[in-house]
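Read off the chains here:
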Amino acid sequence: MKDSLREVLKQLKAGNISVEEAYETLRAYDYIGYATVDIHREKRKGFPEIIFGEGKNKEHLLGIFERLMKFHKKVLATRINKEKADYLITNLQDRYPLECFHYHSDAKAFYWVSKDYVETKKQGYIAVVSAGTSDFAVAEEAAVTAEFLGCEVKRIYDVGVAGIHRLLDRVSVIEQAHVVIVVAGMEGALASVVGGLVSKPVIAVPTSVGYGANFQGISALLAMLNSCASGVSVVNIDNGFGAGYYAATILSVIEQSIVKAMKQEEERNEDSLS
């Protein structure tokens, strides 16, 4: 973030941009009455602000989404039902006829990527592993979120412990991932099993899938929190978005470390030649 601020100030000093343009770039948030849009989040965290759609009316969603489009090349809104998605597409497509807007109905994700945005995929991939088909929507929320944030995702679905041979047949694909997201309801045992099989960080997502004693995901949540497998972290019930974001953050840190190591190697090579 410091480097980007320094660059803006250099451009201002050189007369390449106006004071107003510098202000627009440097201001940390944009107040629009019903929302205060965090336009600097991408500079701070590497990813832009993502809209949580549940509980927001469609007019507010449209206003926030369009405002974020002004400052970013891609925008994502989660927990968007079909009615809200139809409203967003109708209005945004009318205002921006050259742009493409997408709705992933399973993940309930609505997103836009600018037509002139060039995606650079992060190295490695995230494995999203789900226990059963009933966990599909939460798993897809995790997968779509990670993909939106520039990660490759490999889906390994319906491999729960009730037929554990299905999981064992896919262990090599899961082990080669940089990060593993495990989505499971019922008793949530899959996270512990995967955590005991692979050497990579495991992000467990309990789902509200299950019979009465599942208590709408609480039993799976507690089981995952009490996992005896090392390296398992847990997000909230049905929080596929949180898992996808967390996994993308890990890949981003790995990417930064690789770039830093390559730069240091280049500097060493230059020093040895001088």
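Numbering of residues starts from 1 in each chain and follows the order in which that chain's sequence is written. With the structure being a predicted model, the display of local features is reserved for residues of pLDDT at least 70 and the display and counting of side-chain atom pairs for 80 or more, all residues being used for whole-chain, interface and lining totals. Each side-chain value is derived from all of the structure's non-hydrogen atoms; neither hydrogens nor water enter the calculation.

Q: Even after reading the chapter, I still don't get the sheet that holds strand 9 (residues 179–184), so can you show me in this structure?
A: Strands in a sheet are paired, the pairing made by backbone hydrogen bonds, and the direction either parallel or antiparallel. Paired strands, as defined in this entry, are two strands with at least two bridges between them according to DSSP. The helix count covers DSSP runs of H or I at least four residues long, the strand count covers runs of E at least two residues long, and both are numbered beginning at the N terminus. Read from one edge to the other, the open sheet built from 5 strands follows the order 8-7-9-10-11, with strand pairing classed as parallel. Since the sheet does not close on itself, it has two edges, and those belong to strand 8 (152–156) and strand 11 (232–234), each with one partner. Across the sheet, the axes of successive neighbouring strands diverge by a mean angle of 25°, strand direction being ignored. In this structure, strand 10 (residues 202–206) lies alongside strand 11, joined through 3 bridges in parallel fashion. Bridge assignment links Val-202 to a residue of strand 11, and that residue is Val-232. Every axis in this analysis is a line fitted to C-alpha atoms, fitted for helices over the stretch in contact. Angles between the N-to-C directions lie between 0 and 180 degrees.

Q: For this particular structure, what's the right way to read the environment of Ser-192?
A: Tracing the sequence through the fold places Ser-192 in helix 9 (residues 189–197). Separated by 34 residues in sequence, Ser-192 and Asn-226 have C-alpha atoms that sit 9.1 Å apart. Once residues within four sequence positions are removed from consideration, Ser-192 is found in contact with Ser-227, Cys-228 and Ala-229. Contacts are residue-level and defined by heavy atoms, with any inter-residue pair within 4.5 Å sufficient.

Q: Just checking my understanding: could you explain helix 6 (residues 136–148) for this structure?
A: Side chains three or four residues apart in an α-helix point the same way, a direct result of the helix having 3.6 residues per turn. Multiply 1.5 Å by the residue count of a helix minus one, and that product is the helix's expected span. Here helix 6 contains 13 residues, and its C-alpha end-to-end distance of 18 Å stays within 8% of the 18 Å for a straight helix at 1.5 Å per residue. In terms of burial, helix 6 is largely enclosed, as 10 of its 13 residues are buried. Downstream of helix 6 by a residue or two, Gly-150 has a phi angle that is positive, lying close to 90°. Using a 1.4 Å probe on the protein chains alone, a residue whose accessible area is under 20% of its type maximum counts as buried, one over 50% counts as exposed, and one in between counts as partly exposed.

Q: Please clarify how the pattern of salt bridges should be interpreted in this entry.
A: Here the idea is simple: oppositely charged side chains can pair when their charged atoms come close. Throughout this description, the term salt bridge denotes a Lys or Arg side-chain nitrogen within 4 Å of a carboxyl oxygen of Asp or Glu. For the coordinates displayed, the defined rule picks out 9 salt bridges. With a shortest N-O distance of 2.9 Å, Glu-147 and Arg-155 are connected by a salt bridge. Assessed through its relative accessible area of 30%, Arg-155 is described here as partly exposed. Measuring nitrogen to oxygen at the nearest pair gives 3.4 Å for the salt bridge that ties Asp-158 to Arg-166. Exposure remark for Asp-158: the relative accessible area of 32% places this residue in the partly exposed category. Shared partners join several salt bridges into a network, and the residues in it are Glu-54, Arg-79 and Glu-141.

Q: What should I look at first to understand the domain arrangement of the chain in this one?
A: It is common to give the size of an interface as the accessible area lost on bringing the parts into contact. Domain segmentation is taken from an automatic or database assignment of domains. What the domain assignment reports for the chain is domain 1 (32–113) and domain 2 (125–254). Summarising the inter-unit geometry, the C-alpha centres of domain 1 and domain 2 are found 26 Å apart. With 15 residues of domain 1 at the interface, the matching set in domain 2 holds 16 residues. Here domain 1 packs against domain 2, burying approximately 1,300 Å² in sum over the two surfaces, 70% of which is carbon and sulfur. Joining domain 1 to domain 2, the criterion identifies 1 salt bridge. Accessible surface is computed with a 1.4 Å probe, and the buried area is the amount of it that two parts give up when combined, taken over both parts together.

Q: Got a minute to help me understand the sheet that holds strand 4 (residues 74–78) in this structure?
A: Strand order in the open sheet formed by 4 strands is 3-4-6-5, and the pairing between neighbours is mixed. Two strands in the sheet have a free side with no partner beyond their single neighbour: strand 3 (51–52) and strand 5 (101–104). In this structure, strand 5 lies alongside strand 6 (residues 109–113), joined through 4 bridges in antiparallel fashion. Bridge assignment links His-102 to a residue of strand 6, and that residue is Tyr-111.

Q: Explanation requested: the nonpolar core in the structure shown.
A: In these notes, a set of buried Ala, Val, Leu, Ile, Met, Phe, Trp, Tyr and Cys residues joined through side-chain atoms within 4.5 Å is what counts as a nonpolar core. Of all hydrophobic cores here, the largest spans 28 residues; its most connected members are Ile-126, Val-128, Leu-149, Ile-181, Ile-203 and Val-205. Sorting the residues of this core by element identifies strand 7 (125–130), helix 6, strand 9, strand 10 and helix 11 (240–273) as the ones contributing at least two each. If one sorts the elements of this core by residue count, helix 6 sits on top with 7 residues. Shared between two domains, this core holds at least three residues of each, these being domain 1 (32–113) and domain 2 (125–254). Counting 21 residues, the second largest nonpolar core, distinct from the first, contains Tyr-125, Ala-191, Val-198 and Met-224.

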